[in-house]
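Notes for the structure review
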Amino acid sequence: MRISEVKTHILEARLRQPFGFSQWWYDTRRATIIEVETDDGLIGWGESFGPPGPIAATVKEFRPHILGQDSRAIDRIWELLYNRFRDFGQKGIIVAALSGIDIALWDLLGKRYGVPAHVLMGGPVRTRVQAYATGMYLQKAEDQTRLFMEEARSYVEAGFKTVKMKVGFGVERDTTLVKRVREAIGPDIGLVIDANHAYDAVEAVRLGRRIEALDIGWFEEPVCPEDLRGYKAVKSALGIPIAGGESEYTRFGFRDILVERAMDIIQPDVCISGGISECRKIAIMANAFGVRCNPHAWGTGIGIAATLQLLAVIPHNPLSMNPVEPMLELDQTEHPFRMTLITEPIIQQNGFVAVPQGPGLGVEVDRGVLQRYEVNRET
């Protein structure tokens, strides 16, 4: 049960068609997969989100500090690594790399005891989660409005009850896009928007006021993650719930958001913010502040499975007969190995996804697919 090996697998695949958002264009999908093995042959899988090269280099630095450690001592390992490297990165690559290690350790723990990770975290609050479709990125085409409308309709036809579209392309253009998408999906489908911190508070408020009447579920990352006062200004000016936090790290970063009451909905990512361990603590802390926690997810089936294990135990906020449930983000953009990486793909049916019930994360990695897309491996 002691850690005998830690490996990283960098996966990469070119896209058939690039897609863009408010900051840049994607023409390649990448992932950093973490593999942790114990001396009795058990293997756990994790995922870190961010630039693969620096993450792999960081995991290589972590390796000598965790070889020989009891793989069941997840909190102790988390604190050991965080404290060892905190002088050089309380946010960013250090924590993203730590996230993948932590996820792999939860996978190992569940496999060791033959139960899903959420059982070891106290048992499920829910066994299925409503999913929302993330899409409507820019494409290299002239009529973006028509493409957004068609894409939104396709998600509704597929069973999704909520869709997320990208904004951040200028207030005038965003206003038109949001109005047309709302027309395309009708009044009964949830619609949320994501600017990926493209605006300052002034422009975010301008946009928000133009679309408030369209029943927007939340306005995600309206301003830069460092600008908590900007978040508060947007939040106080609009009736639309304000969401953010996918670019924030650990309970310490989210503590400041919660104390400042800067967001209505926080969105920690298990592959970025510190892993399952830390995101569970963040969710519990948010509950104490009466703030919703709706995790961000944008990775492979490993990261999605880890997110579902977390979603299974996020407490209701508040308790009631009809609580507002957290949702799973399901990226719908092109990704050649998102679900093929795991032997049984995670799928939505009628807008819901079941929490995997197998041991650990509840999914198994297809090594053939792993090897097919692997471009580099650091040990």
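Refer to the preceding data block for the structure.
The following refers to the structure shown. (Residues numbered from 1 in each chain as written. Predicted model: local features only at pLDDT ≥ 70, side-chain atom pairs only at ≥ 80, totals over all residues. Heavy atoms only, no water.)

Quick word on helix α6 (residues 171–185)
Heads up, the condition is: Helix and strand assignments follow DSSP, with helices taken as H or I runs no shorter than four residues and strands as E runs no shorter than two, numbered in order from the N terminus. In this analysis, the expected span of each helix is defined as 1.5 Å times one less than the number of residues it contains. Buried, partly exposed and exposed residues are distinguished by accessible area as a fraction of the type maximum, computed with a 1.4 Å probe on protein chains only: under 20%, between the cut-offs, and over 50%, respectively.
The first and last C-alpha atoms of α6 sit 21 Å apart over 15 residues, in line with the 21 Å expected at 1.5 Å per residue. Residues V171, D174, T175, L177, V178, V181, R182, A184 and I185 constitute the buried set of α6.

Some details on unusual backbone geometry
A negative phi angle is the norm for most residues apart from glycine, just as the trans form is the norm for most peptide bonds. Of note, the bond from N317 into P318 is cis; its omega dihedral lies within 30 degrees of zero at -5 degrees. Locating P318 in the fold gives a position in the loop between α11 (301–311) and β11 (328–331). Positioned with a positive phi, M136 is a non-glycine residue whose angle comes to about 55 degrees. Accessibility expressed as a relative area gives 0% for M136, which makes it buried. Residue H197 is not a glycine yet carries a positive backbone phi of 45 degrees. Looking at where H197 falls in the secondary structure, it is placed in the loop between β6 (190–194) and α7 (201–211). Note on H197: relative accessible area 23%, which makes it partly exposed.

Some points on the packing of aromatic side chains
Worth spelling out the cut-off: Stacked, tilted and edge-to-face are the three classes assigned to paired rings of Phe, Tyr and Trp, where Trp is represented by its six-membered ring and a pair needs centres within 6.5 Å; plane angles under 30 degrees give stacked, over 60 edge-to-face, the rest tilted. In this analysis the charged atom, NZ for Lys or CZ for Arg, is taken to sit over a ring once it is within 6 Å of the ring centre and within 35 degrees of the ring normal.
A complete count under the given rule lists 15 aromatic pairs for this structure. Ring geometry for W78 against Y82: centres 5.0 Å apart, planes inclined by 20 degrees, an arrangement best described as stacked. Placement of the pair is W78 and Y82 together in helix α2 (residues 74–85), with a separation of four residues, close to one helical turn. Residue W78 shares its accessibility class with Y82, and that shared class is buried. Here the aromatic residues F19, F21, W24, Y26, F49, Y137 and W298 are joined through ring pairs into a cluster of three or more. Positioned over the ring face of W298 is R29, at 4.0 Å from the centre of the ring. Here the guanidinium or amino end of R128 rests over the ring plane of F352, the centre of that ring lying 3.7 Å away.

Some thoughts on the pairing of strand β2 (residues 25–38)
This is how it is decided: Two strands pair under a simple rule: DSSP has to find at least two bridges between them.
Summarising burial for β2: 10 of the 14 residues are buried, a large majority. Judged from the 13 bridges that link them, strand β1 (residues 3–20) and β2 form a sheet pairing that is antiparallel. Within β2, the position partnered with I3 by the bridge is T38. If you look at the hairpin formed by β1 and β2, you'll find four residues sitting between the two strands.

Topic: the nonpolar core
For clarity, the cut-off: Here, the term nonpolar core denotes a set of buried Ala, Val, Leu, Ile, Met, Phe, Trp, Tyr and Cys residues that are joined through side-chain atoms within 4.5 Å. We call two residues contacting when some pair of their heavy atoms lies within 4.5 Å.
If you look at the biggest cluster of nonpolar residues, it comprises 114 residues, and the most contacted ones within it are I101, M165, V178, F219, I266, L308 and I346. By residue number, the principal contributor to this core is helix α3 (residues 93–113), which donates 12 residues. Among residues more than four places away in sequence, those in contact with M165 are G135, M136, F148, L177, V178, V181, L191, V192, I193 and D194.

Considering the pairing of strand β5 (residues 162–166)
For clarity, the cut-off: Looking down the strands as they point away from you, a crossover is right-handed if its path from the first strand over the helix to the second goes clockwise.
Among the five residues that make up β5, five are buried, leaving the element largely enclosed by the rest of the structure. Of the two faces of β5, the one lined by T162, K164 and K166 and the one lined by V163 and M165 are each fully buried. With two bridges connecting them, strand β4 (residues 128–134) and β5 associate as parallel partners. If you follow A133 over to β5, its bridge partner there is V163. Running through α6, the crossover from β5 to the neighbouring parallel element β6 is right-handed.

Let's talk about the environment of E47
What counts here: Under this definition, polar contacts are N or O atom pairs within 3.5 Å; protein pairs additionally need one hydrogen-donor-capable and one acceptor-capable atom, and for neighbouring residues in sequence, both atoms have to be side-chain atoms.
Of note, E47 is situated in strand β3 (residues 43–48). Distance in space between the C-alpha atoms of E47 and F85 is 19 Å, their sequence separation being 38 residues. Reaching out from E47, the side chain makes a polar contact with the side chain of T300 at a distance of 2.6 Å. Here the side chain of E47 touches G303 through a polar contact of 2.9 Å, landing on its backbone nitrogen.

Let's talk about the packing of helix α5 (residues 144–158) against α6
Angle between the axes and distance between the axes: these two values describe a pair of packed helices. Just so we agree on the cut-off: Here an angle of 0 to 180 degrees is reported between the N-to-C directions of two axes, which are lines fitted to C-alpha atoms, with helices fitted over the stretch in contact. By the definition used in this description, the sense in which the near helix is turned from the far one sets the handedness, with an anticlockwise turn below a right angle giving left-handed and a clockwise turn giving right-handed. Three residue categories are used. Nonpolar comprises Ala, Val, Leu, Ile, Met, Phe, Trp, Tyr, Cys and Pro, charged comprises Asp, Glu, Lys and Arg, and polar comprises the others, including Gly.
The geometry of α5 relative to α6 is characterised by a closest axis approach of 9 Å and an angle of 35 degrees between their N-to-C directions. Crossing handedness for the pair α5 and α6: right-handed. Taking contact as the criterion, the partners of Q144, T145, F148, M149, A152, R153 and V156 in α5 are, on α6, R173, T176, L177, R180, V181, A184 and I185. For the contact of α5 with α6, the per-class residue count stands at eight nonpolar, three polar and three charged.

Quick word on the side chain of T28
Position of T28 among the secondary structure elements: in strand β2. Since its relative accessible area comes to 5%, T28 is described here as buried. Of note is the side chain of T28, whose polar atom sits 3.5 Å from the side chain of R14. Within the structure, the side chain of T28 is placed 2.9 Å from the side chain of D27, a separation counted as a polar contact. Beyond its immediate stretch of four places on either side in the chain, T28 contacts E12, A13, R14 and L15.

Thoughts on the packing of α2 against helix α10 (residues 275–289)
What counts here: Convention used here: angles under 35 degrees read as roughly parallel, angles over 145 as roughly antiparallel, angles from 65 to 115 as roughly perpendicular, and any remaining angle as oblique.
Axis separation between α2 and α10 bottoms out at 9 Å; the angle between their running directions is 95 degrees. Comparing the axis directions of α2 and α10 gives the class roughly perpendicular. Every residue of α10 that contacts α2 at I74, D75, W78 and E79 is listed here: S277, E278 and K281. Among the residues forming the contact of α2 with α10, the class breakdown is two nonpolar, one polar and four charged.

Any link to function would need more than the numbers given here.
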